[in-house]
Amino acid sequence: MKKTVLITGATSGIGRATAERFAKASYRIIITGRRKERLDELAMELAARYGVEILPLVFDVRSKAETEKHLLNLPAEWRDIDILINNAGLAVGLAHIDEGDTDDWDRMIDTNVKGLLYVTRAVAPGMVKRASGHIINIASIAGKEVYENGGVYCASKHAVDALSRGMRIDLLKHGIKVTNIAPGMVETEFSLVRFKGDSTRAASVYEGIDALRAEDIADVIFYCATLPEHVCINDLVITPTSQANATNSVRRRK
Ligand code: NDP
Ligand code: 8X3
């Protein structure tokens, strides 16, 4: 039987492109997100285009109860998850630590850290039982470096980076792979969310930068997930060619 992959945050950006990449290779896919309409549309589109089985699950990863309700009560044929892609996440706001909005901080920490933990806690026991599986955490270059105004988002992604390393140690004896992916600038809805719907400000982030596309990261995730059994990529930092690190990038002149 084809492998089953669970992708959180598949209504947009990297998660959506990753769902399409795995669908192209005929995997069975569980896609999640909060926006039901988008999720259902994607499920129908992928099923029609690639003839694959798709299970859309609408829930907010910040809710432990909702996450457990969905992931601990999967239909029998969807319970054996081979690959978990912890992708759902966001940045909200950019502010110095003395001025930041504490509601923004809650959203980032509850989604990026606690949400990832709730999902992993629900899925990992099945992998342990079957002594096989692969967890791929979408961290960020912000989990490797810290930049002005981004302290809380960076802290949340440093937490993901630490969790990837911790998971790899804890799950080692069970034969489960853990991969940490740390992208730089990827042009998705990420900046629109960070700037709370201000599309002009969001567009200016990518102006003159040949940013990564969601599909670039999807290809990398797929590559990591399809290596031979004895090979595990632990950690990857991926930037556009025009970006050296979190704070140094070059813009093309117009
Ligand atoms: P998008 O905003 O395009 O996608 C984010 C996805 O996460 C959406 O599908 C959204 O779905 C989902 N999501 C957000 N909050 C929740 C929640 N509480 N519960 C369930 N799902 C949620 O951004 P990207 O594709 O760029 O981001 C994907 C991941 O990549 C994130 O973890 C991000 O931090 C990381 N990343 C992004 C980079 C970039 O430059 N774009 C660079 C490095 C890392 P919905 O709103 O429907 O719930
Ligand atoms: C997103 C990339 O540079 O905005 O994780 O932190 S950055």
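The paragraphs below set out a description of the structure included in this document. (Residues numbered from 1 in each chain as written. Chains lettered and ligands numbered in written order. Predicted model: local features only at pLDDT ≥ 70, side-chain atom pairs only at ≥ 80, totals over all residues. Heavy atoms only, no water.)

### Re unusual backbone geometry
Despite not being glycine, Ala131 has its phi angle at roughly 50 degrees, a positive value. Here Ala131 is to be found in the loop between helix 4 (102-130) and strand 5 (133-138). With a phi angle near 50 degrees, Lys196 is a residue other than glycine that sits in the positive phi range. You can see Lys196 is positioned in the loop between helix 6 (190-194) and helix 7 (199-206). (Helix = DSSP H or I, 4+ residues; strand = E, 2+ residues; numbered from the N terminus.)

### Comments concerning the nonpolar core
Counting residues in hydrophobic clusters, the biggest one holds 36 residues, and the most contacted among them are Phe22, Ile29, Ile31, Ile85, Ile181 and Ile221. Of all the secondary structure elements, the ones that give two or more residues to this core are strand 1 (4-7), helix 1 (13-24), strand 2 (28-33), helix 2 (36-50), strand 4 (83-86), strand 5 and helix 8 (214-225). Top contributing element to this core by residue count: helix 8, with eight residues. In contact with Ile29, not counting residues within four places along its chain, are Val5, Ile7, Ala19, Phe22, Ala23, Glu53, Ile54, Leu55 and Trp78. The next biggest cluster of nonpolar side chains, apart from the first, holds 23 residues, and it includes Leu57, Leu74, Trp78 and Val160. (Core = buried A, V, L, I, M, F, W, Y, C linked by side-chain atoms within 4.5 Å. Buried < 20%, exposed > 50% of the residue type's maximum accessible area, 1.4 Å probe, protein only. Contact = heavy atoms within 4.5 Å.)

### Points about the side chain of Asn112
Tracing the chain through its elements places Asn112 in helix 4. Within the structure, Asn112 has its side chain in polar contact with the backbone oxygen of Leu90 (distance 2.9 Å). (Polar contact = N/O pair within 3.5 Å; in protein donor to acceptor, adjacent residues only side chain to side chain.)

### Quick look at the pairing of strand 1
What you see with strand 1 is no split at all: Thr4 and Leu6 on one side and Val5 and Ile7 on the other are buried throughout. A crossover connection joins strand 1 to the parallel strand 2 through helix 1; in handedness this β-α-β unit is right-handed. One ladder, built from three bridges, connects strand 1 with strand 4; its direction is parallel. What sits directly across from Ile7, in strand 4, is Ile85. (Right-handed = clockwise from strand over helix to strand, strands pointing away. Pairing = 2+ DSSP bridges.)

### Comments concerning helix 2
For helix 2, which comprises 15 residues, the first-to-last C-alpha distance of 21 Å matches the rise-based estimate of 21 Å (1.5 Å per residue) to within 8%. Taken residue by residue, helix 2 has Leu39, Leu42, Ala43 and Leu46 as its buried positions. Taken around the axis of helix 2, the buried residues stretch over an arc of 100 degrees, which confines them to a single face. The outward face of helix 2, more than 90 degrees from its buried face, is lined by the exposed residues Glu37, Met44 and Ala48. Elements that come into contact with the buried residues of helix 2 comprise helix 1, strand 2 and strand 3 (54-58). (Expected span 1.5 Å × (residues − 1). Arc of directions from axis to C-beta.)

### Brief notes about the site of ligand 1
Near ligand 1, the surroundings consist of 29 residues, among which Thr11, Ser12, Arg34, Tyr153 and Thr188 are the closest. Contact distances for ligand 1 include 2.9 Å between an oxygen atom and a backbone N or O atom of Val186. At 2.6 Å from an oxygen atom of ligand 1 is found a side-chain nitrogen or oxygen belonging to Thr188. Coverage of ligand 1 by the protein chains reaches 96% of its 870 Å² of free accessible surface. Looking at the shell around ligand 1, the elements with two or more residues in it are helix 1 and helix 5 (151-170). Counted by class, the shell around ligand 1 contains twelve nonpolar, eleven polar and six charged residues. (Near = heavy atom within 4 Å. Areas by Shrake-Rupley, 256 points an atom, 1.4 Å probe, with all protein chains shown as cover. Nonpolar A, V, L, I, M, F, W, Y, C, P; charged D, E, K, R; others polar.)

So yeah, pure geometry; function would need other evidence.
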